[in-house]
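# Remarks on the overall topology
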Amino acid sequence: MSDTEKLTEADAANELMRLAREIAKHDKLYHANDAPEITDQEYDALVRRNRELEEAFPRLVRDDSPSKKVGHEIAASPLSKVAHEVRMMSLDNGFNREEVEEWTQRVRRFLSLDENETVAITAEDKIDGLSCSLRYEQGKLVRAATRGDGQVGEDVTPNVAFIADIPQQIDDPNVPDVFEVRGEVYMSKQDFTALNVALLDAAKTDAAEKGEDFDPARVRQFANPRNAAAGSLRQKDASVTAKRPLKFWAYGWGAASDVPNASQHDMMRLIEAWGFPVSPFLTVTDSVDAMIAHYDEIGRQRPDLGYEIDGVVYKVDRLDWQQRLGSVGKAPRWALAHKFPAERAETTLEAIDIQVGRTGKLTPVGRLAPVLVGGVTVTNVTLHNRDEIERLGVRPGDRIVVQRAGDVIPQVVENLTGDIEREPYLFPANCPECESEAVAEDDEVDVRCTGGLICPAQRIQRLEHFVSRKALDIEGFGTKTIEQFFALGWLESPADIFRLRERREDILALEGWQDKSVDNLLVAVEEKRAPDAARLLFGLGIRHVGETTSRDLMKALGDISELRVAAEKFFTYRAENPQGEDEKASPFKARVDQAAKDIFGVTDGFGATAAHSLADFFHEAHNVTVWQDLMSQVRPPHYEVETLDSPVAGKTVVFTGKLETMSRDEAKAQAERLGAKASGSVSAKTDLLVAGPGAGSKLKKAEALGIEVIDEAGWADIVAAAG
Ligand code: ZN
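Residues numbered from 1 in each chain as written. Predicted model: local features only at pLDDT ≥ 70, side-chain atom pairs only at ≥ 80, totals over all residues. Heavy atoms only, no water.

## Quick look at the overall build of the chain
Applicable threshold: By definition, any uninterrupted DSSP run of H or I lasting at least four residues is a helix, any uninterrupted run of E lasting at least two residues is a strand, and each is numbered from the N terminus. Exposure categories follow from relative accessible area, calculated using a 1.4 Å probe and restricted to protein chains: below 20% of the type maximum is buried, above 50% is exposed, and the middle band is partly exposed. What makes two residues a contact is simply this: any of their non-hydrogen atoms within 4.5 Å. Only the protein chains shown count as cover for residues, with accessible areas throughout obtained via the Shrake-Rupley method and a probe of 1.4 Å. Residues scored as charged are limited to Lys and Arg (positive) and Asp and Glu (negative), so that His and the chain ends carry no count. Working definition for charges: the position is that of NZ of Lys, CZ of Arg, CG of Asp or CD of Glu.
Secondary structure summary: the chain contains 25 helices and 24 strands in total. Considering only C-alpha atoms, the chain reaches an extent of 90 × 70 × 65 Å along its principal axes. When each of the 723 residues of the chain is scored for burial, the buried share is 47%. Nonlocal contacts in the chain, meaning residues at least 24 apart in sequence, comprise 68% of its contacts between residues at least 6 apart. Accessible area of the chain: about 35300 Å², with a carbon and sulfur share of 49%. Charge-centre separation for the chain: the mean point of 89 positive side chains lies 2 Å from the mean point of 124 negative side chains.

So this is what it looks like as structure tokens:
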């Protein structure tokens, strides 16, 4: 892979797009299908690469960035790992009759069967749960493991003890010495709904006890029964699992010292006789017609089943044939999952509402005439963004087709009234919460409210950010305090923090506050009345103006008042220097980048993106008011970077591996204090690599490039020597 520092923005954007797609695909394979195609190590490498690129190109961070989601990093699991003696397979999928026919033909060809020979195929519904392997030795359950990546899963032995469907002991004198029963741990639809209601109630009670406002949107609920089953089983504390109504059914087996029967079906009946539930639809068919008929029948009953299924699994019944067929990659040739199509329904789009997220993103939500889709009443659909509305050409009043697939939020797949001429829907140009201008940046599909500091939808989060450790770092100013003061109308904008001293008596009158705690808070606030200018700037949460950019800007500008001057200058430049008619995009961008560097005086790692963002910020009248108000309360001193005389001054340092005595942030801050530049990736420009235990590719690369490598102790010596 090429080094991030040598990548152009376009290349990086492309790679990030590809990574977002790829990681989403693997997440889906892992979560939705429980059938990963890559190892966790390979998955981790993708996630790491994505992180590296995002660190190098912060403006390119995508809205669908994998870093914003919880991945399937098994490494983070507190459960211990178990290697499967026999790999847990995944299944190939078929989506229609033709594909099922093709599969049976492939089986016949592979086995060179006569045309007249019948191939018995088992068919059963495919429950949407979490695959699990249960190992019995001398009939006693000795270990339960999740699928994991198919080769290594997680040990959930204490957890399955609470699943009534799983016998701890097989009472059959003839049970093989070693036998692994495989199947799905799942949660019924009813139990799933009840669990979510219980989680909501518990959160409500908890909030009431603590005297907090209850916000249902913040309660962690499960998206679907499969997530609920996985989340309930994969608990470090098995007593949590004990409280969750999990079920199990068997679909096969893994390692076995003996397989007493000659067919899949007979084996499943034996496993059933041992006390394991099996699919109520398990049957043996002898033709494609019979398979499809069974599939159709299961599909008809699907909405009324008490559990979620996503298809029908076919398996070649004769075990000697299964043996001969073997597997290709991770999937056996002798099995096929015949998936159900996504569920769809037709309804009317009654309205389009715009929701403003905590980061200012405007998300259109379609309100529907309630419609039943796959047994669930759907009243809302996501319309994603402005482009999606345009693509679908939807307007309130249109007849549309909505689709629900797995746990995905219902989506609009088709606009049935699309062709009829009517006024198109106009995406709002202003934020519905605060009336500020809502804009989309150049190559972005998302429209955002520019009201940042005054937008109610964003204000609490902005205030939290403002007082956070990396910004103003006001001690003892937590989320709860902010939310409480905000609700009382005491905190409209950052400047109000510095007016809290006028409310000393009011705060004291609140429950939970004493003289001492109020004084502590007010003292902590007063201490920041002459704040570090870079932290103050970072605290404003202007898009694309992160910690480093804030420091670089203040280093260049010295006085924070110069920032607004520069931003206005850039605004004027932008208005007066549009893209020339013959000018191509990339020279234009280079020209604006250069202007941004010239105007703000920052040469390294600064360009048009942050400059545009600053210009927009100071062009919004609300922001200027907030800014002036804040400036009337604080006096940041002239910004000067004190750099210590050190052997690493002016050098580029990279930290990798695990640091034991300090955090990565602290190490980077030390490097900067010593006048060095801390970088995220190793390149020819790197002067020094500080490698802790577990250092991997960066260490190899540094060694290959002949870069000096030291350990954490060596780094500590440098820091200590510099004083
Ligand atoms: Zn707004």
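## Focus: the side chain of Asp-496
On the secondary structure map, Asp-496 appears in helix α14 (residues 494-497). With residues near it in sequence (within four places) discarded, Asp-496 still touches Trp-490 and Leu-491.

## What to know about the environment of Cys-434
Considering the arrangement of structural elements, one finds Cys-434 in the loop between β18 (411-415) and β19 (438-439). On the basis of relative accessibility, which here comes to 10%, the residue Cys-434 falls in the buried class. Along the backbone, Cys-434 and Gly-452 are 18 residues apart, and their C-alpha atoms lie at a distance of 9.5 Å. In contact with Cys-434, other than residues within four places in its own chain, are Cys-449, Gly-451, Ile-454, Cys-455, Pro-456 and His-622.

## Structural notes on the packing of aromatic side chains
Applicable threshold: Two aromatic rings from Phe, Tyr or Trp, using only the six-membered ring of Trp, form a pair when their centres are within 6.5 Å; if the ring planes differ by under 30 degrees the pair is stacked, by over 60 it is edge-to-face, and anything between is tilted.
Per the counting criterion, the structure on display carries 17 aromatic pairs. For the pair Trp-249 and Tyr-307, a centre-to-centre distance of 5.2 Å together with 80° between the ring planes defines the contact as edge-to-face. One end of the pair, Trp-249, is in strand β8 (residues 247-256); the other, Tyr-307, is in the loop between α9 (288-301) and β10 (309-316), with 58 residues separating them in the sequence. The exposure classification of Trp-249 matches that of Tyr-307, with both residues buried. An aromatic cluster of three or more residues is present, and its members are Phe-477, Phe-485, Trp-490 and Trp-513.

## Structural notes on the coordination of the zinc ion
So the rule is basically this: Coordinating donors are taken to be N, O and S atoms lying within 2.8 Å of the metal, or within 3.2 Å when the metal is Na, K or Ca; because water is excluded from the atom set, some sites may appear incomplete.
Within the protein, Cys-431 (SG), Cys-434 (SG), Cys-449 (SG) and Cys-455 (SG) serve as the donor atoms for the zinc ion, at 2.2 to 2.4 Å. Counting residues between consecutive donors of the zinc ion along the chain gives the motif C-x2-C-x14-C-x5-C. Look at Cys-455 and you get buried, because its relative accessible area is 0%.

## Topic: the nonpolar core
Inside soluble globular proteins, nonpolar side chains tend to come together where they are buried. Put simply, the rule is: By nonpolar core we mean a set of buried residues, namely Ala, Val, Leu, Ile, Met, Phe, Trp, Tyr and Cys, connected to one another through side-chain atoms within 4.5 Å.
Residues Phe-477, Phe-485, Ile-497, Leu-553, Phe-600 and Leu-614 are the most contacted members of the largest nonpolar core, which totals 88 residues. Not counting residues within four places of it along the chain, the set of residues in contact with Phe-477 comprises Val-467, Ile-482, Phe-485, Leu-491, Ile-497, Leu-500, Leu-521 and Val-525. Leu-141, Ile-163, Phe-222 and Ile-271 belong to the second-largest nonpolar core, a separate cluster that totals 37 residues.

## Focus on the sheet that holds strand β5 (residues 140-146)
Defined as follows: Any two strands with at least two DSSP bridges between them are considered paired. Structural elements are reduced to axes, namely lines fitted to C-alpha atoms, with helices fitted over the stretch in contact, and the angle between N-to-C directions of any two is expressed from 0 to 180 degrees.
Spatial strand order, β5-β4-β7-β8: four strands in an open sheet with antiparallel pairing. What marks the edges here is a single partner per strand, and that holds for β5 and β8. The sheet shows a mean angle of 25° between the axes of neighbouring strands, direction not considered. With six bridges connecting them, strand β4 (residues 130-137) and β5 associate as antiparallel partners. Paired with Glu-137 across the strands is Lys-140, a residue of β5.

## A word on helix α12 (residues 456-467)
The condition is simple: In this scheme, a helix's expected span is set at 1.5 Å multiplied by one less than its residue total.
Taking 1.5 Å per residue, twelve residues should reach 16 Å; α12 reaches 17 Å between its end C-alpha atoms and fits that length. Across the twelve residues of α12, nine count as buried, placing the element largely inside the fold. If you check which residues of α12 are buried, you get Ala-457, Gln-458, Arg-459, Ile-460, Arg-462, Leu-463, Glu-464, Phe-466 and Val-467. On the buried face of α12, the contacting elements are β14 (343-356), β20 (448-449), α13 (479-487), α14, α17 (533-539) and α22 (621-631).

## As for the pattern of salt bridges
Opposite charge on two side chains makes pairing possible when the charged atoms of those side chains draw close. The following threshold applies: We define a salt bridge as a contact between a side-chain nitrogen of Lys or Arg and a carboxyl oxygen of Asp or Glu at a distance within 4 Å.
Applying the stated criterion to the full structure yields 37 salt bridges. Its salt-bridge partner being Glu-101, residue Arg-97 comes within 3.1 Å of it at the nearest N-O pair. With Arg-97 and Glu-101 both in helix α3 (residues 97-110), this residue pair falls four residues apart, about one helical turn. Of the residues examined, Arg-97 reaches a relative accessible area of 32% and is grouped as partly exposed. In this structure, the salt-bridge partner of Arg-97 is Asp-289, at a minimum N-O distance of 2.6 Å. Of this pair, Arg-97 sits in helix α3 while Asp-289 sits in helix α9; the two residues are 192 residues apart in sequence, bridging distant segments of the chain. Several salt bridges converge on common partners, so that one network encompasses Glu-15, Arg-18, Glu-22, Arg-49 and Glu-52.

## Some details on the sheet that holds strand β22 (residues 677-679)
Taken together, the four strands give an open sheet; going across it, the order is β22-β21-β23-β24, and neighbouring strands pair in parallel fashion. This sheet does not close on itself; its edge strands, each paired only once, are β22 and β24 (708-710). Adjacent strand axes in the sheet meet at a mean angle of 30° when their direction is disregarded. Where helix α24 (residues 697-705) meets the sheet, it contacts β21 (652-656), β23 (688-691) and β24, and its direction lies at approximately 145° from that of β23. Contacts from helix α25 (residues 712-722) reach β21, β23 and β24 within the one sheet, and its direction differs from that of β23 by about 120°.

## Quick look at the environment of Thr-118
Among the secondary structure elements, Thr-118 is positioned in the loop between α3 and β3 (121-127). A sequence separation of 168 residues divides Thr-118 from Asp-286, and the C-alpha atoms of the two residues are 6.4 Å apart. Ignoring any residue separated from it by four or fewer positions in sequence, one finds Thr-118 in contact with Asp-286 and Trp-321.

## Looking at the environment of Val-653
Locating Val-653 in the fold gives a position in strand β21. The exposure class assigned to Val-653 is buried, which follows from its relative accessible area of 0%. The residues contacting Val-653, other than those within four sequence positions of it, are Ala-676, Lys-677, Ala-678, Ser-679, Leu-688, Val-690 and Trp-715.

## A look at helix α5 (residues 189-210)
Basically, it comes down to this: Think of the arc as the fan of directions from the helix axis to the C-beta atoms.
Its 22 residues give α5 an end-to-end C-alpha distance of 32 Å, which sits within 8% of 32 Å, the value for a rise of 1.5 Å per residue. Among the residues of α5, those classed as buried are Phe-192, Leu-195, Asn-196 and Ala-207. Taken around the axis of α5, the buried residues stretch over an arc of 105°, which confines them to a single face. With respect to the buried face of α5, the exposed residues turned more than 90 degrees away are Gln-190, Ala-208 and Glu-209. Elements in contact with the buried residues of α5: α6 (225-233). One or two steps after α5, the chain reaches Gly-211, where phi turns positive at roughly 70°.

## Here's the deal with the pairing of strand β15 (residues 362-373)
By the bridge criterion, seven bridges tie β14 to β15 in an arrangement that is antiparallel. Following the sheet pairing, Ile-354 is matched in β15 by Pro-364. In textbook terms, the turn of a hairpin is the stretch between consecutive antiparallel strands, and for β14 and β15 this stretch comprises five residues, one of which, Gly-360, has a positive phi near 95°.

## Remarks on unusual backbone geometry
Even without being a glycine, Ser-112 presents a positive backbone phi close to 45°. Relative to the helices and strands, Ser-112 is located in the loop between α3 and β3. A positive phi angle, close to 50°, is found at Gln-138, a residue other than glycine. Tracing the backbone through its elements, the reader meets Gln-138 in the loop between β4 and β5.

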